[in-house]
Amino acid sequence: MVDEIPLSRPDITDLEVEAVTSALRSGRLSIGPMSETLETLVASRTDRRFGVSCSSGTAALHMALIAMGVGPGDEVITTPFSFVASANAALYVGATPVFVDLCPKSLNMEPELVKGAITRRTRAIIAVEAFGNPQYMHEYRAIADRHDLAMLEDSCEGLGGRLGATPIGKFGHAGVFGFYPNKQITTGEGGMVVTDDERLAEVCRSLRNQGRPARTMGGASGSWLVHERMGFNYRLSEIQAALGVAQMKRLDSLILARQATAQKYVERLLDHEHLILPTVSPEVFMSWFVFVVRLSDRFTSEERDRMIDGMRRHDVGAAPYFPCIHLQPYFRERFGYREGAFPIAERVSGRTIALPFFSGLSDRDADFVVQTLDLMIARESIRRT
Ligand SMILES: *Cc1c(COP(=O)(O)O)cnc(C)c1O
């Protein structure tokens, strides 16, 4: 029998173990050189002047929206098809998320619908690269600039990817990354804001550190007990940053390994009669966050859910990435959303299956995943007849 094939698995080598060990031995466990090195590495990789590390991608979204001046009464246009953090960020600052439906190929917001959703209260667009696909990022930026809106790029799923020559993280007024263990690089937990706007970076530096002046250092320095604004403890530890630095040094090889895994699935699933594979336009360089297939419209979301349960019973990781945000219980309750509000997002989201995805997935495991998926599809087809 095969062992369990997890949905995701971090790629940790001796390099990471040694980096974390030396951070522990350094005596400096927070606010130190490792987080600055990580900031420099991620900023330069995304062609940005500034990087501000923090405790999670969610914290990065929150800080960036505050620094952009988004607050109570404002509307923020965003996608219903994402991890919930992208819309929650608007709620944290007292703004209202305004969802728009998707382009069914890229699974990103349909640009025409973004334009149509702008009102006098619109203050910002949170543009998410769904599964790391940067399609339409230039269009969203052009819309934001024309209407004097802030564009926050939630690039948490796309580190290392590009659209033409432009790296993911470079499209908005700020971009944010998350370093949870399933992302392209991990720090265990962690995140970063990247931007070319010095003021925005300084405000985020202050926000992550209890509202202290941006340049304060630890210990005895006079500004440590000065709090210029209401801030948070969103700092990244040196231990986490050291892990991130080691991962960033390996980013190119991590991406190559993720591309190789994606290729294994593409080879095995191309021309599958019941599946729609991820659509990636030729000018996109994907760093591959996850590998999500979609069942054709002849299957229902209940059938999809049973397939996922069945795969899990066969020790194959699988997940319905992502349930629509507007249909989450508290969004329904608070904003009155019902099924049918965003038909394309709902049609897609009810039929997705994320497959086990990580660097080093073996051919044998890829075969087993695909056989198991085929078995589940066959079972559901038989159930009907
Ligand atoms: C991972 C992710 C985040 C941030 O997640 P954290 O767990 O807070 O680091 C935000 N938005 C999207 C779209 C994500 O995929």
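Just above, that's the structure.
Residues numbered from 1 in each chain as written. Predicted model: local features only at pLDDT ≥ 70, side-chain atom pairs only at ≥ 80, totals over all residues. Heavy atoms only, no water.

### Quick word on the packing of aromatic side chains
Our working rule: A pair of aromatic rings is counted whenever rings of Phe, Tyr or Trp (Trp by its six-membered ring) have centres within 6.5 Å, and the orientation is called stacked for planes under 30 degrees apart, edge-to-face for over 60 and tilted otherwise. Geometrically, a charge over a ring is one whose NZ (Lys) or CZ (Arg) sits within 6 Å of the ring centre while staying within 35 degrees of the ring normal.
Tallying each qualifying case throughout the model produces 15 aromatic pairs. Across from the ring centre of phenylalanine 299, 4.9 Å away, lies the NZ or CZ of arginine 298, which sits over that ring.

### Section: the site of the ligand
Condition: Here a residue counts as near a molecule or strand whenever at least one of its heavy atoms sits within 4 Å of it. We define a polar contact as two N or O atoms separated by no more than 3.5 Å, with the added condition that, inside protein, one atom must be a possible hydrogen donor and the other a possible acceptor, whereas residues neighbouring each other in sequence contribute only through side-chain atom pairs. Only the protein chains shown count as cover for residues, and all accessible areas are computed by the Shrake-Rupley method using a 1.4 Å probe.
The local shell around the ligand holds 13 residues, among which Gly57, Thr58, Asp154, Glu157 and Lys183 are the closest. One of the side-chain N or O atoms of glutamate 157 is found 2.6 Å from an oxygen atom in the ligand. In the complex, 92% of the free accessible area of the ligand, which totals 380 Å², lies under the protein chains.

### Concerning the pairing of strand β5 (residues 150-154)
Every other side chain in a regular strand lies on the same face of the sheet, so the side chains alternate between the two faces. Let me state the cut-off plainly: To sort residues, take the accessible area from a 1.4 Å probe on protein chains only and compare it with the maximum for the residue type: under 20% means buried, over 50% means exposed, and anything in between is partly exposed. Each helix is a run of H or I in the DSSP string that is no shorter than four residues. Each strand is a run of E no shorter than two, and both are numbered from the N terminus. For crossovers, right-handed means that the path from the first strand over the helix to the second runs clockwise, given strands pointing away from the viewer. Two strands make a pair as long as DSSP finds a minimum of two bridges between them.
Among the five residues of β5, five are classified as buried, and the element is accordingly described as predominantly covered. Alternating positions in β5 separate into two faces, Ala150, Leu152 and Asp154 on one and Met151 and Glu153 on the other, with burial throughout. For the crossover from strand β4 (residues 122-128) across helix α6 (residues 137-146) to β5, the handedness is right-handed. Across three bridges, β5 lies against strand β8 (residues 174-178) in parallel orientation. Residue pairing in the sheet places aspartate 154 in a bridge with valine 176 of β8.

### A few points about the sheet that holds β4
What counts is decided by this rule: For every element, the axis is a line fit to its C-alpha atoms; helices are fit only across the contacting stretch, and the angle between N-to-C directions ranges from 0 to 180 degrees. Throughout, a residue-residue contact means that at least one pair of heavy atoms, one from each residue, lies within 4.5 Å.
The strand order across the open sheet built from seven strands is β1-β9-β8-β5-β4-β2-β3, with neighbouring strands paired in mixed fashion. Either end of the sheet is taken by a strand with one partner, and the two such strands are β1 (50-54) and β3 (96-99). The mean inter-strand angle of the sheet, taken between neighbouring strand axes irrespective of direction, is 25 degrees. Of the strand pairs in this sheet, β8 and strand β9 (residues 191-195) are connected by five bridges, and their pairing is antiparallel. Bridging from a neighbouring strand, phenylalanine 177 pairs with methionine 192 of β9. On top of the sheet, helix α3 (residues 57-67) reaches β1, β4, β5, β8 and β9; it is set at about 160 degrees to β8, its chief contact. Against the sheet, α6 contacts β4 and β5, and its axis sits at roughly 175 degrees relative to β4.

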